[in-house]
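# Structure at a glance
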Amino acid sequence: MAEEVISLDHVKRTYVMGETEVYALRDVSFSITQGEFVTIMGPSGSGKSTCMNMIGCLDRPTGGIVKINGKETASMSEKELALLRNLTVGFVFQQYFLLPSMTVLENVMLPLRYAGIEKKERKVLAQEALEKVGLTDRMFHHPYELSGGQKQRVAIARATVTKPKIILADEPTGALDSETGKAVMRMFREINETGTTVVIVTHDPRVGASSNRCIQILDGLICSDKKQEAGEF
């Protein structure tokens, strides 16, 4: 039986804004096993970004239980959450979040530094990750010298360099043209085929249809959770 790496059990998340209590998640339950390729889809304000924050250990639930790689996040310290994030989850964001003062190679090496890997090994592992995304010829460039698609490939290399169990992507094709978006989605498929769990948060139905399972969320509630035949982006 496949290992459960993500579990949300009757999760609620509320925010107090002045005198108003806003419900981002009302009662959300789902689990994801190792090796799944899942999209979490919904419009702006649906709660999908809050789900992403729970999976990425960036936030804690107001109620219910969140377990990532078997560990309950609500009771963990900030230091413990940071360690769990670094070792278990690789992030890919729509806006890339590459550090402009660093080269491509240095950006990819950064998570390994946080993981306590020695510099010589960091460099070797980062070079390997960049080779996998076809960017060895851009290692010593800076982010401002790259196209949007190249920046996203650097972000994917950075996310995968620590060999995390989970790749968590937030609207990864949102800033890309359709052909570049297709290439990026193929990369996520290839990553998933190595056994890595891939979770993509999106509002784009094309991205939603390209996974093997699509969880749809609306107004902080899951309205659909279906396994499907993955289509082309």
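First, a word on scope: everything that follows refers to the structure included in this document. Just so we're clear, the structure is a prediction, and the values are computed from it rather than from any experiment.

Here we come to the overall build of the protein chain. Scanning the protein chain for helices and strands turns up 7 helices and 10 strands. Relative to a compact globule of 233 residues, whose C-alpha radius of gyration would be 17 Å, the protein chain shows 18 Å and is just as compact. Principal-axis analysis of the C-alpha atoms gives the protein chain an extent of 50 × 45 × 40 Å. By element, 51% of the accessible surface of the protein chain is carried by carbon and sulfur atoms, the whole surface being about 11,600 Å². Side-chain charges of the protein chain comprise 28 positive and 29 negative groups, with the mean position of each set lying 4 Å from the other.

Bringing the packing of helix α3 (residues 104-114) against helix α5 (residues 148-160) into the picture now. A pair of packed helices can be characterised by two numbers: the angle between their axes and the separation between those axes. The contact between α3 and α5 brings their axes to 7 Å, and the two run at 30°. With respect to their mutual orientation, α3 and α5 come out roughly parallel. Crossing of α3 over α5 shows right-handed handedness. The segment α3 lies against α5, with Val104, Asn107, Val108 and Pro111 engaging Val154, Ala157 and Arg158.

The subject of this paragraph is α3. With respect to burial, α3 is a largely interior element, 8 of its 11 residues being buried. All of the buried residues in α3 are Val104, Leu105, Asn107, Val108, Met109, Leu110, Pro111 and Leu112. Looking at the buried residues of α3, the elements they touch are α2 (78-88), α4 (119-132) and α5. Backbone geometry just downstream of α3 places Gly116 in the positive-phi region, at approximately 85°.

This paragraph deals with α2. Restricting attention to buried positions, one finds in α2 the residues Leu81, Leu84, Arg85, Asn86 and Thr88. Buried positions along α2 lie against β4 (63-68), β5 (71-72), β6 (89-93), α3 and β7 (166-170).

Before going further, it helps to spend a moment on the environment of Tyr23. Checked against the element boundaries, Tyr23 lands in strand β2 (residues 20-33). Take Tyr23: its relative accessible area is 40%, and that puts it in the partly exposed class. When neighbours within four sequence positions are excluded, Tyr23 is seen to be in contact with Arg13 and Thr14.

A word on the pairing of β2. By the bridge criterion, 10 bridges tie strand β1 (residues 4-17) to β2 in an arrangement that is antiparallel. Bridging across to β2, Val16 finds its partner in Glu21. Taking the residues between adjacent antiparallel strands as the criterion, β1 and β2 are bridged by 2 residues, where Gly18 takes a positive phi near 70°.

Attention shifts here to the sheet that holds β7. By way of backbone hydrogen bonds, the strands of a sheet pair with one another, either parallel or antiparallel. Here 6 strands make up an open sheet; going across it, the order is β6-β7-β8-β3-β9-β10 and the pairing mixed. What marks the edges here is a single partner per strand, and that holds for β6 and β10 (221-227). Neighbour-to-neighbour, the strand axes of this sheet turn through a mean angle of 15°, independent of strand direction. Pairing geometry for strand β3 (residues 37-41) and strand β8 (residues 197-202), over 5 bridges, is parallel. Within β8, the residue paired with Val38 across the bridge is Val199.

Right, let's get into the packing of α5 against helix α6 (residues 178-193). Two elements in contact, α5 and α6, have axes whose closest approach is 10 Å; the angle formed by their N-to-C orientations is 15°. Taken together, the axes of α5 and α6 are roughly parallel relative to one another. α6 is crossed by α5, and the crossing has right-handed handedness. Together, Gly149, Gln152, Arg153, Ile156 and Thr160 of α5 and Thr180, Val184, Met187, Phe188 and Ile191 of α6 make up the contact between the two elements.

Criteria and cut-off values
- Residues numbered from 1 in each chain as written.
- Predicted model: local features only at pLDDT ≥ 70, side-chain atom pairs only at ≥ 80, totals over all residues.
- Heavy atoms only, no water.
- Helix = DSSP H or I, 4+ residues; strand = E, 2+ residues; numbered from the N terminus.
- Rg over C-alpha atoms; globule rule 2.2 N^0.38 Å.
- Areas by Shrake-Rupley, 256 points an atom, 1.4 Å probe, with all protein chains shown as cover.
- Lys, Arg positive; Asp, Glu negative; His and termini not counted.
- Charge placed at Lys NZ, Arg CZ, Asp CG, Glu CD.
- Axes fitted to C-alpha atoms, helices over the stretch in contact; angles between N-to-C directions.
- Parallel < 35°, antiparallel > 145°, perpendicular 65-115°, else oblique.
- Left-handed = near helix turned anticlockwise from the far one by under 90°.
- Contact = heavy atoms within 4.5 Å.
- Buried < 20%, exposed > 50% of the residue type's maximum accessible area, 1.4 Å probe, protein only.
- Pairing = 2+ DSSP bridges.

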